[in-house]
Amino acid sequence: MTTTTTRPTFETVTSEHSVGYNAPQKMGRRLWAPMWALGLMGWAVGFVLAIVRANEISSGGSEATIARLSHVVPAFMFLGFLGVLTAVSFAIARILGAFRKGGGDVQETVGPVETLRMPKTAKAFMALMMMGMMVLAVTVIIHLVVAANVTDSNLVSTEQWAIGLEGFRRLGVAIYLFAITLGLGTIIHVLRFQSIRVRELRRS
Amino acid sequence: MTARLESLTRPSPSDDYRGNTRHRSIGFGLGLVGLLLATVTLIANLAAAAGVETDPVSAAETLAWSFGLTTVAFATIKVAIALVLVGILVRLWWRVESVKASLATLRSPSPGAGRGAGTLETLYGPATLTATTPPPLPVHTMAKTMWFPMLAMGAMAVLIGFIASLVWAGDTTSQAAAAWTQGLQFLGEGMILSGIAFLLGSILAGLRSGGGEVQETLGLPVTTLKMPTTAKLFVVLMAMGLMVSIAQFILYLAASGAPGATGFAAWSAWLGPFRELGLGLILAGIVMALVTIGNVLGFQFSRIRDIITTGQ
């Protein structure tokens, strides 16, 4: 049984027991490590392919192969960034979960538990993170599709795709980074609430 | 220097802990500026892609300054992240003051038998037990000293690299301008990310000494987590990433002297992913730092519960 109250600055939920982790925090706890590993694997593959491409250029290899690799290399490098930036986001969600569960557990030992409702910055953090992920994932897929269709007759359009997709990749990373800023900003909000709340606790 | 930086991250206990600091709002504003700059570079790239067949010279010019501006955009958002992290540090110290004040009244009135010095196993890993707050680890002292110089040097490198990108846009055949732009800007990005990593290290240092202060103030033996594997990985990955960022800068300068456009293109073909790998390694280290912070927080909350329920 929970009741909702609104403070001048903080919107909270009051309950008898600690509310524990919410769904995104549970997801963050489970998925940060696989995403981190995906990042490392993406960069390893991308870097090896980049060396292959450099070798093709210096040895006067086929233009179609070089153009194909110019799409495959960024696809894997940015699959790596997708993985690691998602891992950063999940690790931030994990920290927010530590505050939510830990704060609740401490309050439970002395009385009713007040938990912050999910702040707007946290909602924006999740929305932007998903948006950044979509932009990067779609870009990676298109890179691979373009690479699969490279022929000697469409090298110019292949380069046009490479330039355009580069812009989208950058935007995807920028969206991710901004989402991370919002996620970290949410931690400031939570810390402020907890600093006030912990002083309100009295042994019942 | 360290004392001046400390005053930026540790508020006076007399300050109002309920007030709002401006780190968050300024950080969000700065982040938004970075996002807008990245959008401008997307439009520039789309224009260059459309013109690459009809006017390749203009397209190359656009791509040169667009590269410089993109890195400025990323650097702006990363500086915003750093500012928010400073805000978190400030708030962590207020949390320490609040927990100190609160635990003094909440602590169980019938404490059990005291514990001696030594080591113990906790749910969050091995910990040490000492009479007083343990001194900061060398890596913590380094983090607290280095975060600001790294951020400042990184921002300067990115801005100088942006000027180099304008020179590159003026002469798109210049290998030197291309090399300086890419090498310097990614060195700057690496430094800014390292500054962020050092700030996360400062947060870990703050959690360690703050937790110790709370326990020591209550007259309790101080339980401190030993450095976990994730924290060690954080240090290793960050150091490797910074070394790669420095190496790519030197290699770009070497590549600028490569004979002919083909030679420079071959160098650039692997140096591009190499510089990205450098940033990636620092980011991978940052993940480890965040995971460590999550674990330390879990440990601290469980410690607070113990103090409330058992008095120990």
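Considerations on the overall build of chain A
Move 1: Check the secondary structure of chain A and you find four helices and three strands.
Move 2: Order of helices (α) and strands (β) in chain A, N terminus to C terminus: β-β-α-α-β-α-α.
Move 3: Whereas a compact globule of 204 residues would reach a radius of gyration of roughly 17 Å, chain A reaches 23 Å, over 25% beyond that.
Move 4: Principal axes of the C-alpha set define a box for chain A whose edges measure 80 × 25 × 25 Å.
Move 5: A burial count over chain A gives 53% of its 204 residues as buried.
Move 6: Put simply, of all contacts in chain A between residues at least 6 apart along the chain, 85% involve residues at least 24 apart.

Focus on the overall build of chain B
Move 1: When helices and strands are tallied, chain B shows seven helices and three strands.
Move 2: Along chain B, helices and strands appear, N-terminal first, in the series α-α-α-β-β-α-α-β-α-α.
Move 3: Along the first, second and third principal axes, the C-alpha atoms of chain B reach 85 × 35 × 35 Å.
Move 4: Relative to all contacts within chain B whose residues are 6 or more apart in sequence, the contacts with residues 24 or more apart total 86%.

Section: the interface of chain B and chain A
Move 1: Counting residues at the interface gives 66 residues for chain B, matched by 61 residues for chain A.
Move 2: Elements that contribute at least two residues to the side of chain B that touches chain A include exactly α2 (23-51), α3 (56-106) and α7 (260-310) of chain B.
Move 3: Examining the composition of the side of chain B that touches chain A, we find that 26 residues originate from one element, α7(B), more than from any other.
Move 4: Classifying every residue of the side of chain B that touches chain A by side-chain character gives 41 nonpolar, 17 polar and eight charged.

Remarks on the environment of B:His23
Move 1: Take B:His23: it is sitting in helix α2.
Move 2: A residue is classified by how many C-beta atoms lie within 10 Å of it, and B:His23, with 22 of them, is buried.
Move 3: Separated by 62 residues in the primary sequence, B:His23 and B:Leu85 place their C-alpha atoms 8.4 Å from one another.
Move 4: In contact with B:His23, other than residues within four places in its own chain, are A:Ile188, B:Leu83, B:Val84, B:Val86, B:Gly87 and B:Val90.

Some remarks on the environment of B:Arg18
All names here are of chain B.
Move 1: Looking at the secondary structure, you find Arg18 in the loop between α1 (2-9) and α2.
Move 2: Taking the C-beta count within 10 Å as the criterion, Arg18 has 12 such neighbours and is therefore assigned exposed.
Move 3: Considering only alpha carbons, one finds Arg18 and Trp94, 76 residues apart in sequence, at a separation of 9.0 Å.

Thoughts on the nonpolar core
As a rule of thumb, nonpolar side chains are buried together in soluble globular proteins.
Move 1: Within the largest apolar cluster, 168 residues are counted, with the highest numbers of intra-cluster contacts made by A:Val88, A:Ala174, B:Leu85, B:Leu200, B:Val287 and B:Leu290.
Move 2: Among the elements that make up this core, the one with the highest residue count is α3(B) (26 residues).
Move 3: With sequence-adjacent residues up to four places away left out, B:Val287 is seen in contact with A:Trp32, A:Trp36, A:Val84, A:Ala87, A:Val88 and A:Ala91.

Observations regarding the sheet that holds strand β3 (residues 222-225) of chain B
In sheet architecture, strand pairing relies on hydrogen bonds along the backbone and comes in two forms, parallel and antiparallel.
Residue and element names in this part refer to chain B.
Move 1: Read across the open sheet, the three strands follow the order β1-β2-β3; overall the sheet is antiparallel. Two strands in the sheet have a free side with no partner beyond their single neighbour: β1 (118-122) and β3. Each neighbouring strand pair of the sheet contributes to a mean axis angle of 35 degrees, computed without reference to strand direction.
Move 2: As defined by bridge partners, β1 adjoins strand β2 (residues 125-130) across five bridges and the pair is classed as antiparallel. Each bridged residue has a counterpart across the sheet, and for Leu120 the counterpart in β2 is Ala127.

Considerations on the packing of helix α6 (residues 229-255) of chain B against α7(B)
All names here are of chain B.
Move 1: Direction vectors running N to C along α6 and α7 enclose 160 degrees, while the axes themselves pass 8 Å from each other. When the interaxial angle is binned, α6 and α7 end up roughly antiparallel. Between α6 and α7 lies a crossing of left-handed hand.
Move 2: Considered class by class, the residues forming the contact of α6 with α7 number 23 nonpolar, eight polar and one charged.

Focus: the confidence of the model for chain B
Move 1: Overall, the prediction assigns chain B a mean pLDDT of 93, with 97% of residues at 70 or greater.
Move 2: If you check the scores for this complex, the pTM reads 0.94 and the ipTM reads 0.94.

Regarding helix α2 (residues 63-108) of chain A
Move 1: Between its first and last C-alpha, α2(A) extends 67 Å over 46 residues, near the 68 Å set by a 1.5 Å rise per residue.
Move 2: Along α2(A), 39 of the 46 residues are buried, which leaves the element largely enclosed by surrounding structure.

Here we look at the environment of B:Ala239
Move 1: With respect to the helices and strands, the residue B:Ala239 is situated in helix α6.
Move 2: With 15 C-beta atoms counted inside 10 Å, the residue B:Ala239 sits in the partly exposed group.

Observations concerning helix α5 (residues 175-217) of chain B
All names here are of chain B.
Move 1: Across its 43 residues, α5 extends 62 Å between first and last C-alpha, which sits within 8% of the 63 Å expected from 1.5 Å per residue.
Move 2: Burial runs high along α5: 39 of the 43 residues are buried.
Move 3: The positive-phi residue at the C-terminal boundary of α5 is Gly219, with phi of around 75 degrees.

Things to note about the confidence of the model for chain A
Move 1: Taken over all residues, the pLDDT of chain A has a mean of 94, while the share at 70 or more is 95%.
Move 2: For chain A, per-element mean pLDDT is lowest for strand β1 (residues 3-6) of chain A, which scores 50, and highest for helix α3 (residues 120-148) of chain A, which scores 98.

Here we look at the packing of α5(B) against α7(B)
Move 1: At their nearest, the axes of α5(B) and α7(B) sit 10 Å apart, and the two run at 10 degrees to each other. Considering the angle they form, α5(B) stands roughly parallel to α7(B).

Here is what the cut-offs are and how they apply
- Residues numbered from 1 in each chain as written.
- Chains lettered and ligands numbered in written order.
- Predicted model: local features only at pLDDT ≥ 70, side-chain atom pairs only at ≥ 80, totals over all residues.
- Helix = DSSP H or I, 4+ residues; strand = E, 2+ residues; numbered from the N terminus.
- Rg over C-alpha atoms; globule rule 2.2 N^0.38 Å.
- Buried ≥ 20, exposed ≤ 12 C-beta atoms within 10 Å, placed from the backbone.
- Contact = placed C-beta atoms within 7 Å.
- Nonpolar A, V, L, I, M, F, W, Y, C, P; charged D, E, K, R; others polar.
- Core = buried A, V, L, I, M, F, W, Y, C linked by C-beta atoms within 7 Å.
- Pairing = 2+ DSSP bridges.
- Axes fitted to C-alpha atoms, helices over the stretch in contact; angles between N-to-C directions.
- Parallel < 35°, antiparallel > 145°, perpendicular 65-115°, else oblique.
- Left-handed = near helix turned anticlockwise from the far one by under 90°.
- pLDDT = per-residue confidence, 0-100.
- Expected span 1.5 Å × (residues − 1).

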